[in-house]
Amino acid sequence: MPPTMWSPVRALFSTSPVVAAARLHVGQRVSLTKVFEARHVELFAELTGDSNPLHLDAAYAAGTAFGKPVVHGVLVNGLISAVLGVHLPGCVLLRQDIRFPAPLFLGERVVAEAEVRKVKMSFASVAVTCSVRDKVVMEGEVTVMMPEKPPVK
C-alpha cells in the first residue's frame, strides 16, 4: 500500500477488528460538561487570532440577531475533542461533519456527548452533540481510529 499522510499514524494502530472492537462498542456513550466564561473566549481569540466582535464585543453583539456575545463554534467543537480524548484515550479524530443549529452563550452549561454508532475494524463512527438543556448548539458525526492497545499512563 502506498504511503499516505496517515501512514505514520496507522503504524501506531492495529487493523485487528478483535482488538479494536474490544476498545469501543456500539452504544457506548461518554460525556462532559463545561461552562464557557468570557476569559475562555478571550484566550481562544488570542490563541487563534479570531477576534470577530460577535464573540468579544457585547455592544457589537447586542446589535446582531443573537443579542449578546456567542462562544466560538470551534471552541464548542473542541469539547468533542476533549470528550473523545478523556474518555476514549488514544483515539485519533480522522473526519468530522458538524452543524451549529443554535448559539452557545457565555455562562451556559453545555453538555458534550459522544455515542459510538458503528465499529468496523479499527475505525468507529461516533454521533456527537453539544447541548444546553433541550437546545442543541452543535451536532454531527465523527470518525475515529482506535488504538491497538490502551495508552500507557
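Structure's up top.
So, here's what we can say about the structure. The numbering scheme is per chain: residues are counted from 1 as the chain's sequence reads. Residue-level local features of this predicted model are given only where pLDDT is at least 70; pairs of side-chain atoms are given and counted only at 80 or more, and the full residue set underlies all totals for whole chains, interfaces and linings. For the side-chain quantities, the full set of heavy atoms in the structure was used; hydrogens and water were omitted.

The pairing criterion for strands is at least two bridges between them, as found by DSSP. Strands are runs of DSSP state E lasting at least 2 residues, helices are runs of H or I lasting at least 4, and numbering of each runs from the N terminus. Read from one edge to the other, the open sheet built from five strands follows the order β1-β3-β4-β5-β2, with strand pairing classed as antiparallel. Both edges of this open sheet fall to β1 (29-35) and β2 (92-99), since each of them pairs with a single strand only. The mean angle between the axes of side-by-side strands here comes to 20°, regardless of whether they run parallel or antiparallel. Pairing analysis gives nine bridges linking strand β3 (residues 109-120) to strand β4 (residues 123-132), with the strands arranged antiparallel. Bridged to Val-111 within β4 is Ser-131. Whether two residues are in contact is decided by their heavy atoms: any pair within 4.5 Å suffices. Fitting a line to C-alpha atoms yields each axis, with helices limited to the stretch in contact; the angle taken between N-to-C directions then spans 0 to 180 degrees. Packed on one face of the sheet, helix α6 (residues 73-87) meets β1, β2, β3, β4 and β5 (135-145) and runs near 130° to β1.

Bringing helix α3 (residues 38-48) into the picture now. Here's how the labels work: a residue is buried when its accessible area is under 20% of the maximum for its type, exposed when over 50%, partly exposed in between, all with a 1.4 Å probe on protein chains only. Within α3, burial applies to His-40, Val-41, Phe-44 and Ala-45. Seen end-on, α3 carries its buried residues on one side only, within an arc spanning 135°. Facing away from the buried side of α3 by over 90 degrees, the exposed positions are Arg-39, Glu-46 and Leu-47. The secondary structure elements touched by the buried residues of α3 are β1, α4 (53-56) and α6. Of the residues flanking the end of α3, it is Gly-49, one or two places downstream, whose phi is positive at about 85°. To obtain the arc, one takes the directions from the helix axis to the C-beta atoms.

The next point concerns the nonpolar core. Counting 30 residues, the largest nonpolar core has Ile-80, Leu-84, Val-126 and Cys-130 as the members making the most contacts within it. Taken together, the elements giving at least two residues each to this core come down to β1, α3, α6, β3, β4 and β5. Here this core takes six residues from α6, the largest share from any one element. Buried Ala, Val, Leu, Ile, Met, Phe, Trp, Tyr and Cys residues form a nonpolar core when they are joined through side-chain atoms within 4.5 Å.

Mapping Glu-113 onto the fold places it in strand β3. Considering only alpha carbons, one finds Glu-113 and Val-126, 13 residues apart in sequence, at a separation of 9.8 Å. Residue contacts for Glu-113: discarding those within four places in its chain leaves Arg-29, Val-30, Ser-31, Ile-80, Ala-127, Val-128 and Thr-129. What qualifies as a polar contact is a pair of N or O atoms within 3.5 Å, subject to a donor-acceptor requirement within protein and to the restriction that residues adjacent in sequence count only when both atoms come from side chains. Separated by 3.3 Å, the side chains of Glu-113 and Arg-29 make a polar contact.

What follows concerns unusual backbone geometry. Backbone phi values are negative for most residues with the exception of glycine, while trans is the configuration of most peptide bonds. Although it is not a glycine, Met-121 adopts a positive phi angle of roughly 55°. Looking at the element boundaries, Met-121 is found in the loop between β3 and β4. Positive phi is not limited to glycine here, since Arg-133 has a value of about 55°. Looking at the element boundaries, Arg-133 is found in the loop between β4 and β5. Judged by relative accessible area, which is 73%, Arg-133 ranks as exposed.

None of this, on its own, says anything about what the molecule does.
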